[in-house]
Each structure stands twice: as C-alpha cells, then as structure tokens.
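# Architecture and fold: a report
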Amino acid sequence: MTDAHLTRRTLLRYGAYGAGAAALAGTAASWDRLTGADIPGRDDGSLVVATLGPAYGPEAIRTLTEGFKQVHPDIKLRINAVQAVDWSDFFAKILTQIAAGTAPDLVYVATEGVQLFAQRLGVPLDDWVKRDAEELREYFADVHPSLVESMMYEGSLYQLPVEFNAADMYLNNQVLKRAGADFPAADWTRDDFTGLLRDMKKSSGSQFTPYFWTNRLWGGVVPWLFANDTNLLAESKAPGGAWLWDSFYPAAQRQGRGGGFRWTTPQATDARVEEAYDYLASLVQEGLCSRPEGGNGQNLIGVFSTGRVGVTPAGGFWAGGLHLAGMKADSFDVQYFPRWRTQRMQYGAAGYALLRTSKRQEEAWEFIKYAARRDTLMRLFETNQTTPARRSMLTAERYRETGPNHWQVFYDTLDKFPDTGPIPAPPQVAEVEQVLLKHTGTALASRRSVAPALRRMQSDLEKAMERDV
Amino acid sequence: MTNTQIPAVRPKQPAAQPAPAPGPSTRDRGTRLLATLFLAPTIVGIVVFTVVPIVGSVVLSLFHWNVIDDPRFAGAANYREVFTDSTVLVSFGNTLVFMVFAVALQLLIALVLALAVNGRMPVWLRSVFRSAFFFPLVLSAASISVVMKYLFNQDFGVVNWLLGLVGVAPVPWLTSENAAMATVILVYVWQQFGFSFLLFVGGLNNIPKEVHEAASLDGATGLRKHLSITLPLLSPTLLVASVVGIINALQVFEQPYVLTNGGPGDATRTVVMVIYESAFEQLRFGEASAVGVLLFVLIMAVTALQFRLSRRFVHYQ
C-alpha cells in the first residue's frame with residue numbers, strides 16, 4: 001500500500017513537469033505548421049520544375065537545364081524528375097509534395113490531369129499569352145488547335161502543349177506477310193480490322209495474339225468508343241476561348257473551338273457504348289485479342305517485336321521504343337485507327353502547368369515559353385520517344401532511322417481528322433479511370449456480362465462525378 | 001544475557017505506524033535511469049512512428065481532406081460512406097478470405113517442410129533447404145510480383161506454355177474472377193512461408209529429444225509422436241507464427257496491386273489497396289483514414305481473439 005498523500009516536494013516536482021508540458025504544448029500549438037520548406041537548404045531560390053521521371057532521363061534534364069541557362073542566365077532552374085509508373089502515380093506524388101509544403105513551381109501535366117490541376121492548382125496563362133502574343137505566333141501556327149483546346153479549362157489556357165500521342169494502330173509487317181495480308185488502307189473499317197485479325201490468327205500458332213491492347217483510359221476501350229461516335233461521359237465545350245482562337249488561328253481552324261472540353265454526365269449504358277464493349281467481347285471470345293487484365297504495356301514491346309502480336313494501338317512514342325528494342329524501321333508500320341460510325345480518334349497531350357503557390361510566376365512563364373520552343377523540343381525529342389506537338393518537327397529525316405514508313409499518320413491524325421478528341425478526363429479523372437478499368441475487366445469476361453457490368457459502371461461513374469475532388 | 005535486563009513493565013508505545021516504504025537506493029535509481037535511457041529510443045520510435053500516426057489517422061478520419069484544400073470537419077460522414085461503399089465492403093471480404101487461405105496454407109507448408117528438414121538429413125543439405133525456403137522472403141514483394149505477372153500471363157506466360165506442352169489449355173491465372181485470388185494467394189504464400197518455416201525449425205529444435213525417446217520406448221509411432229508431442233510442444237511457436245501471419249495477411253498490398261490491380265472487377269481488391277486508392281489516387285484522405293482505422297480495429301480484434309483462444313490450445317513446457 002502506498003501513501004495517498006503527496007509530499008510537498010513531490011507536488012512541486014509534478015507541478016514543474018506539468019508547467020513544462022503545458023509550455024511545450026502551447027509553444028507547439030502557436031507555431032506555424034512546419035513543412036518540408038522549413039528544412040534548411042531546401043529552398044535555394046531555384047525555379048523548380050517537376051517532370052515525369054521515366055520520360056525525363058539525365059540527358060533530357062541536362063538539355064533543359066543548360067539550354068534554359070543560356071537563354072536566362074539570371075534564373076536558377078532545378079528539374080525534379082519524379083519517378084512514377086504512370087500519370088496517376090505521378091500526380092499522387094506531386095500532391096504529396098504540395099501537402100508537404102515543397103510544391104514545385106511548374107508541373108509537367110498530361111491530358112489526364114489538366115482539368116484537375118486547372119480547377120484546383122493551376123494559374124491561367126491567358127494574360128501572359130496576350131502580352132507575348134507576337135512571340136508566340138510562330139508557336140501556335142505550328143501546333144494543331146485540337147492540342148491547344150485540350151489544355152483549356154472553362155475558357156482559359158493552362159498549358160502550352162509540347163507533345164502528344166494519338167491512338168493509332170501499329171502493325172507488325174512480319175505478321176502481315178505471314179498472313180498474306182496487305183497493309184490496310186487509311187479508311188479501313190472495323191470489319192476490315194476484324195478480318196485482318198482472323199487472317200493473322202489462322203496463319204500463326206497458339207502462342208499468338210492478333211490484337212493486343214492495354215486496359216487504360218488512353219488506348220483501351222475509349223478509342224473504340226470514339227470510333228463508334230460515343231464516349232464514356234457526355235462531351236461538350238465550355239464557352240469562351242475566342243480571345244485565343246481569334247488571335248492565333250485562321251477562321252477555318254478556329255471553327256467549332258471553345259473554351260475547353262467539359263466531361264459531364266456518365267453514359268456507360270448508352271447503346272453505342274454497349275455495342276463497342278460487345279464488339280471487344282466478341283474479339284476476346286474468338287481469341288483475336290488479349291483480355292483486358294492480360295494486356296500489359298510493360299512486356300508489349302517484347303511480344304510485338306518477336307512477332308507474337310500482330311496489331312496494337314500506340315502513339316508516336318512507340319517508334320522510338322521499338323527502335324531501341326532492335327526492330328528495324330521497315331519491320332513495323334502505323335495506320336489510323338479503323339473507322340466504325342466515324343473515324344474520330346483519341347489523343348493525349350502534355351505540357352507544363354504553373355502552380356498558384358509558385359512565388360516565381362514570371363520566371364515560370366519564361367520556362368513554359370522556352371520549353372515549347374522548336375529548338376528545345378528538337379534537342380529533347382531526338383529519339384522519337386513521343387510525338388512533338390510542333391507539326392514542323394515531323395519530317396522524313398526524323399523517322400528515317402527509327403521508322404515507321406507511314407510516320408505522317410502521327411500528325412495527320414489531327415490534321416486530317418480535326419475532330420479527333422482528347423482523353424475524357426474531368427477533375428475526377430482518377431476515380432473515373434479506376435471505375436472504367438474495373439468494370440471493363442468484368443464486362444469482357446463474356447458477351448453476356450457486358451450489359452450488367454456497364455450498368456454497374458454507370459452507377460459508379462455517377463457516384464464519382466457527383467463527388468467533389 | 002539474562003532476563004533481568006528486560007524491564008517488567010514496558011513503557012507505553014505509541015500506536016504502531018506503518019513503516020515508510022523504503023525509497024530507491026542510489027544504485028536502484030542509477031539502474032532505472034540506465035534502463036530508461038536504453039528504452040528511450042524505442043519508446044520515442046513507437047510514439048513518433050506508431051502512436052502519432054494512429055492518433056493522426058483517427059483525427060483525419062473525422063475530416064474531409066483532399067490535400068489541396070483545408071480539411072473540413074465531417075464527423076462520422078466518412079464512416080457512413082465506408083459502410084455504404086460496396087467496393088470497401090467487398091475489399092474487407094476479400095481480405096478475410098485471403099487471410100484465411102493464405103495463413104492456413106502458409107502454416108501448413110512451413111510445418112510440413114520444417115518437419116521434413118528436421119528429420120534425418122545431412123547438415124549441408126539441411127542448410128541448403130533452409131536458405132532456399134527463406135530466400136523469397138528477403139526479396140521485394142513488388143519485384144517478385146512483377147516477375148510472377150509475366151510467368152502467369154495467360155497469353156505469353158511461361159506457366160501456360162509449360163502446361164501447353166502437356167496438352168493443358170491456357171489457364172486464366174490472373175484474368176478469371178475465380179482463379180485470380182487463388183493465384184495471388186499462391187504467390188503470397190510462396191514468398192511468405194519461409195518466415196514460419198524458420199520459426200518452426202527453431203521450435204522443433206527446442207523440443208527435448210528425451211520426450212520423443214520416452215514416447216518411442218512406450219511404443220508410439222511417428223504420427224502419434226507428432227500429434228501428441230510435437231504439435232502440443234510446438235503450439236507456442238504456432239501461436240506466434242499465426243499471429244504474425246494473420247497481421248501480415250490482413251495488410252497485404254503489393255501482390256494483388258501488382259499482379260491484378262485488384263481485378264478482375266473487385267475480385268482481388270484488398271483493404272490496403274482501397275486505402276491507397278482512396279488517399280493517393282482519389283484524394284479522399286478522410287475516407288482512406290476511416291478505412292485504415294477500421295482495419296486497425298479488425299487486426300486488434302483478430303489478434304485479441306487469437307490470444308484468447310490460445311489459452312485452450314497453447315501448451316507451455
């Protein structure tokens with residue numbers, strides 16, 4: 001048994017402990033929240049640009065940094081190449097940096113994240129574009145308005161696109177030859193496509209997949225929805241944007257342009273969406289294409305280059321990838337996505353978004369202009385790891401070594417089909433993408449499961465779109 | 001000494017007072033201080049990296065927060081959302097199914113192999129087996145899963161290619177709702193059973209040989225000895241292995257994330273995957289924290305239940 005009475009000395013000691021703890025708690029409570037920026041040396045006054053790491057290797061970083069230094073010796077630049085497996089992973093890491101108080105000034109953002117960044121984090125570039133209109137005239141003349149429109153949100157421009165990739169069809173020439181098939185015509189149809197896959201299947205072994213695709217927002221089911229004249233979410237355009245179109249584009253090119261895309265009501269149960277899914281399910285059932293979960297871009301180059309895949313949708317980025325994998329320029333080729341109800345195709349673009357939290361906005365704008373310059377992009381995209389946003393960069397010389405023979409397809413997807421549209425990517429894009437991937441897997445299990453899976457997709461999409469990001 | 005020295009009548013003593021508790025000696029105080037100093041880094045580590053995040057998660061679960069805007073108080077809204085979200089509920093079901101099969105299989109394989117390795121075998125061969133079984137555990141789960149994804153690919157995987165050589169049609173290892181969970185469990189168990197295996201090898205070595213010898217003299221067979229001697233004496237090790245196994249299994253993430261990304265549909269989506277997706281992909285940190293808190297409660301409950309049940313089944317020498 002212990003003494004319940006405290007001695008005066010003990011009481012004084014506990015009192016001192018309590019006072020100390022209260023003082024510490026008070027100090028902590030009154031302190032401004034500590035962030036990563038408080039770490040000494042973290043903020044060295046540089047303009048910080050966050051890029052998607054795998055796309056920006058050391059060589060690209062050096063090119064950007066040294067080139068920018070020559071033009072703006074007074075601005076210190078730091079490229080922060082964030083390692084991420086895909087765009088959603090990249091955005092997650094950028095948001096973590098923002099939460100940690102170490103937000104970059106500029107972030108490389110693809111179509112998937114344009115509206116999220118514009119709505120929550122981005123600064124419209126309108127005033128700068130108007131101010132430096134003369135300097136930018138040459139840029140806009142060289143860049144297709146569809147790409148620019150995909151970087152607009154509610155009438156304002158948030159990025160200058162520097163690259164894009166349309167979902168075109170790559171074909172393995174060795175497989176075509178084996179099947180005794182000709183290279184398809186530019187206006188080939190969905191039925192021509194199916195026939196080609198059947199010919200390929202007949203002439204190849206059991207370890208062969210005629211059509212390989214990856215279940216994702218770009219290049220998965222969505223291009224088939226575009227071809228069937230429908231989309232995952234109802235599509236419309238925001239008003240505004242005339243300030244840009246009237247200043248930089250001739251009447252023919254600015255017709256029908258608005259202030260950026262709006263993706264609103266989910267329409268997964270639309271008859272044409274169901275028709276597109278039913279078509280893909282029939283291809284799966286017939287053994288003409290990979291199942292959605294089996295489709296994985298990571299080993300695609302390997303199976304395509306060794307003739308185990310005949311056709312796959314990919315953009316200009318694949319020319320460099322296949323070349324690096326050892327494929328000769330004439331061993332593969334590219335054609336437009338096949339026609340169904342329309343031959344409207346899908347693309348995704350990317351550029352630099354300026355964050356509201358940046359304290360170096362003028363310097364950041366100078367970097368945005370620098371990054372969109374032709375000479376910068378010429379140095380940056382030497383290996384054809386993407387399709388440059390500037391039309392003038394797509395030349396026979398550029399594709400002589402890597403191929404493909406029909407390299408004109410890359411930019412002509414925009415020029416010859418000006419209604420070609422961007423990835424449907426509202427601010428809630430992460431959840432929309434997850435819902436799409438999840439239910440696509442279930443829908444394509446069999447033709448009977450298409451309709452129930454699309455009903456569930458519709459319900460989940462409605463829930464996702466109602467949520468505020 | 002004589003009695004005469006004792007006074008006949010004792011002087012009146014005051015009422016007996018309890019002796020004051022002896023204070024710690026200087027030596028004791030030194031020992032305590034030293035012990036506190038040694039424990040301090042661990043205590044600080046637990047507080048900073050375990051207690052604070054747990055409390056932080058509980059607090060965050062009461063707010064709506066998307067990283068970008070300031071947090072807004074939500075009360076129990078995040079918990080209501082969790083209980084009405086079919087994906088979350090399915091993920092809890094998947095995780096429990098995963099836990100049951102993964103842990104049972106893992107313990108069974110580890111026990112059988114530990115008994116086999118503990119039998120008559122050259123020492124060098126025993127070392128080879130021990131290293132081989134433990135090796136997958138030191139590899140990164142994500143890297144293993146990437147490799148396994150290639151091996152189990154329905155169209156181009158080595159596993160189906162090998163099966164094809166003996167006339168078996170391609171198995172949809174990762175693309176069928178029925179097969180995907182089984183494949184994820186298989187990959188997980190292959191990587192994890194080495195830990196339980198090592199525990200069992202240690203536990204078997206601690207069982208005195210005399211007990212087995214005495215049983216042999218009494219005429220007990222191999223199976224009887226395992227059932228009546230080995231298993232009861234190994235029960236404390238089994239308890240540890242199952243507690244650790246269940247806690248790990250309830251937190252599984254890398255294997256299903258890399259192998260199937262939770263699909264097909266939600267067939268292999270686990271609770272930790274939902275937490276990751278809600279927080280870092282959909283920017284719903286409050287809801288993710290609510291799911292995290294529920295998982296924490298589930299783990300605590302299952303572990304407590306195990307210890308409770310262990311009173312009946314665990315025998316200490």
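Residues numbered from 1 in each chain as written. Chains lettered and ligands numbered in written order. Predicted model: local features only at pLDDT ≥ 70, side-chain atom pairs only at ≥ 80, totals over all residues. Heavy atoms only, no water.

## Notes on the overall build of chain A
- The secondary structure content of chain A amounts to 21 helices and 15 strands.
- For the C-alpha atoms alone, the extent of chain A along its principal axes is close to 100 × 65 × 45 Å.
- Counting only contacts in chain A whose residues sit at least 6 apart along the sequence, the fraction spanning at least 24 positions is 80%.
- Here chain A has roughly 19400 Å² of accessible surface; of this, 52% comes from carbon and sulfur atoms.
- Separation of charge centres in chain A, based on 51 positive and 55 negative side chains, amounts to 4 Å. (Helix = DSSP H or I, 4+ residues; strand = E, 2+ residues; numbered from the N terminus. Contact = heavy atoms within 4.5 Å. Areas by Shrake-Rupley, 256 points an atom, 1.4 Å probe, with all protein chains shown as cover. Lys, Arg positive; Asp, Glu negative; His and termini not counted. Charge placed at Lys NZ, Arg CZ, Asp CG, Glu CD.)

## Describing the overall build of chain B
- In terms of helices and strands, chain B carries 12 helices and 2 strands.
- When the helices and strands of chain B are listed from N to C terminus, the series reads α-β-β-α-α-α-α-α-α-α-α-α-α-α.
- The C-alpha atoms of chain B give a radius of gyration of 29 Å, which is well past the 20 Å a tight globule of 317 residues would have.
- For chain B, the spread of C-alpha atoms along the principal axes amounts to about 110 × 70 × 35 Å.
- A buried classification covers 38% of the 317 residues belonging to chain B.
- In chain B, the share of contacts with a sequence separation of at least 24, taken over all contacts with a separation of at least 6, comes to 68%.
- For chain B, the centre of its 19 positive side-chain charges and the centre of its 15 negative side-chain charges are spaced 21 Å apart. (Rg over C-alpha atoms; globule rule 2.2 N^0.38 Å. Buried < 20%, exposed > 50% of the residue type's maximum accessible area, 1.4 Å probe, protein only.)

## A look at the side chain of Arg-269 of chain B
- Tracing the sequence through the fold places Arg-269 of chain B in the loop between α10 (254-259) and α11 (271-281).
- A distance of 2.7 Å separates polar atoms of two side chains, one belonging to Arg-269 of chain B and the other to Glu-277 of chain B.
- Apart from the residues lying within four places of it in its own chain, the contact partners of Arg-269 of chain B are Gln-434 and Lys-438 of chain A together with Thr-87, Ser-91, Asn-94, Asn-261, Gly-262, Val-274 and Glu-277 of chain B. (Polar contact = N/O pair within 3.5 Å; in protein donor to acceptor, adjacent residues only side chain to side chain.)

## Side note on the sheet that holds strand β11 (residues 309-314) of chain A
Residue and element names in this part refer to chain A.
- Read across the open sheet, the 4 strands follow the order β8-β11-β7-β12; overall the sheet is mixed. Each end of this open sheet is capped by a strand with a single partner; those strands are β8 (209-211) and β12 (332-335). Averaged over all adjacent pairs, the angle separating strand axes in this sheet is 30°, with direction ignored.
- Both strand β7 (residues 168-172) and β11 contribute to a ladder of 4 bridges, which runs antiparallel. Directly across from Tyr-170, in β11, lies its bridge partner Thr-312. (Pairing = 2+ DSSP bridges. Axes fitted to C-alpha atoms, helices over the stretch in contact; angles between N-to-C directions.)

## A short note on the environment of Ala-234 of chain A
Residue and element names in this part refer to chain A.
- Tracing the backbone shows Ala-234 in strand β9 (residues 233-237).
- Sequence spacing of Ala-234 and Val-284 is 50 residues, and the spatial spacing of their C-alpha atoms is 27 Å.
- Leaving out residues up to four positions away in the same chain, Ala-234 has contacts with Arg-262, Trp-263, Thr-264, Thr-265 and Gln-267.

## Points about the interface of chain B and chain A
- With 32 residues of chain B at the contact, the number on the chain A side is 30 residues.
- Each partner contributes to the roughly 2700 Å² buried at the junction of chain B and chain A, and carbon and sulfur atoms together form 51% of this total.
- When the buried area of chain B at its contact with chain A is split by residue, Ile-68, Asp-155 and Phe-156 of chain B rank highest and sum to 24% of it.
- Along the contact surface separating chain B from chain A lie 4 salt bridges. (Buried area = accessible area lost by both parts, 1.4 Å probe. Salt bridge = Lys/Arg side-chain N within 4 Å of Asp/Glu carboxyl O.)

## Focus: the packing of helix α3 (residues 86-118) of chain B against helix α4 (residues 123-138) of chain B
Residue and element names in this part refer to chain B.
- Relative orientation of the contacting elements α3 and α4 amounts to 160°, with a least axis distance of 10 Å. In terms of their interaxial angle, α3 and α4 are classed as roughly antiparallel. As for the relative orientation of α3 and α4, their crossing is left-handed in sense. Of the residues in α4, those touching α3 at Leu-113, Val-117 and Asn-118 are Arg-126, Phe-129, Arg-130 and Phe-133.
- Looking at the contact of α3 with α4 residue by residue, the classes come out as 4 nonpolar, 1 polar and 2 charged. (Parallel < 35°, antiparallel > 145°, perpendicular 65-115°, else oblique. Left-handed = near helix turned anticlockwise from the far one by under 90°. Nonpolar A, V, L, I, M, F, W, Y, C, P; charged D, E, K, R; others polar.)

## Quick look at empty space enclosed by the protein
All names here are of chain A.
- For the structure shown, the criterion picks out 2 cavities of 30 Å³ or more.
- Each pocket or cavity is described by its volume, and for the second largest cavity that value is around 60 Å³.
- As for the second largest cavity, its lining consists of Thr-111, Val-114, Gln-115, Glu-149, Ser-150, Met-152, Phe-261, Trp-263, Pro-422, Ile-423 and Ala-425.
- Secondary structure elements with two or more residues in the lining of the second largest cavity: α4 (111-120) and β10 (261-266).
- Tallying contributions element by element places α4 first for the lining of the second largest cavity, with 3 residues.
- Of the residues in the lining of the second largest cavity, the class split is 7 nonpolar, 3 polar and 1 charged. (1 Å grid on protein atoms, 1.4 Å probe; cavity = no way out; pocket = protein on both sides within 12 Å on 5 of 7 lines; lining within 4 Å. Points joined across faces, edges and corners; volume = space filled by probe spheres on them.)

## So, the pattern of salt bridges
Residues and elements named next belong to chain A.
- Under the counting rule described, the total for this entry stands at 34 salt bridges over all chains.
- The salt bridge involving Glu-135 is made with Lys-369; its shortest N-O contact spans 3.0 Å. One end of the pair, Glu-135, is in helix α6 (residues 133-142); the other, Lys-369, is in helix α16 (residues 361-371), and 234 residues separate them in sequence.
- Take Lys-369: its relative accessible area is 8%, and that puts it in the buried class.
- For Glu-138, the salt bridge is made with Arg-390, and the minimal N-O distance between the two is 2.7 Å.

## So, the packing of aromatic side chains
- Applying the stated rule across the entire model yields 44 aromatic pairs over all chains.
- Look at Phe-133 of chain B and Phe-197 of chain B: their rings are 5.0 Å apart centre to centre, the planes differ by 85°, and that puts the pair in the edge-to-face class. Remark: Phe-197 of chain B occurs in helix α7 (residues 177-205) and Phe-133 of chain B occurs in helix α4; sequence separation between them is 64 residues. One exposure class covers both Phe-133 of chain B and Phe-197 of chain B, and it is buried.
- Among the aromatic residues, those joined into a ring-pair cluster are Tyr-170, Phe-304, Trp-318, Phe-332, Tyr-399, Trp-407 and Phe-410 of chain A.
- Here the guanidinium or amino end of Lys-130 of chain A rests over the ring plane of Trp-243 of chain A, the centre of that ring lying 5.2 Å away. (Phe/Tyr/Trp six-rings, centres within 6.5 Å; stacked < 30°, edge-to-face > 60°. Lys NZ or Arg CZ within 6 Å of the ring centre and 35° of its normal.)

## Considerations on the confidence of the model for chain B
Residue and element names in this part refer to chain B.
- Per-residue confidence for chain B gives a mean pLDDT of 88, with 92% of residues at or over 70.
- Predicted confidence is poor over residues 1-9, with pLDDT under 50, and the contacts of this stretch with residues over four places away or in other chains come to 0 contacts.
- On the interface metric, ipTM, the complex scores 0.75, and its pTM is 0.82. (pLDDT = per-residue confidence, 0-100.)

## Examining the packing of helix α20 (residues 429-443) of chain A against helix α21 (residues 450-466) of chain A
All names here are of chain A.
- Where α20 meets α21, the closest approach of the two axes is 9 Å, and the angle between their N-to-C directions is 170°. The pairing of α20 with α21 is recorded here as roughly antiparallel in orientation. Counted together, Glu-431, Val-432, Val-435, Leu-436, Lys-438, His-439, Thr-440, Thr-442 and Ala-443 of α20 and Val-450, Ala-453, Arg-456, Met-457, Asp-460, Leu-461, Ala-464 and Met-465 of α21 form the full contact between these two elements.
- Partitioned by chemical class, the residues of the contact of α20 with α21 number 10 nonpolar, 3 polar and 4 charged.

## With respect to unusual backbone geometry
- Residue Pro-404 of chain A is reached from Gly-403 of chain A by a cis peptide bond, and omega for that bond is 0°.
- Considering the arrangement of structural elements, one finds Pro-404 of chain A in the loop between α18 (396-400) and α19 (408-415).
- A cis amide bond links Gly-263 of chain B with the next residue in sequence, Pro-264 of chain B, at an omega value of -5°.
- As for its placement among the helices and strands, Pro-264 of chain B is situated in the loop between α10 and α11.
- Of note, the phi angle at Glu-154 of chain A is positive, near 50°, even though the residue is not glycine.
- With respect to the helices and strands, the residue Glu-154 of chain A is situated in the loop between β4 (152-153) and β5 (156-157).

## Here we look at a nonpolar patch on the surface
All names here are of chain B.
- Among the surface-exposed residues, Leu-39, Ile-43, Val-44, Ile-46, Val-47, Val-48, Phe-49, Val-51, Val-52, Val-55 and Val-59 lie close enough to one another that they form a single nonpolar patch of about 970 Å² accessible area.
- You can see Val-51 is positioned in helix α1 (residues 26-60).
- Accessibility expressed as a relative area gives 38% for Val-51, which makes it partly exposed. (Patch = residues over 30% accessible without salt bridge, like charges linked within 9 Å, V, L, I, M, F, W, Y side chains within 5 Å.)

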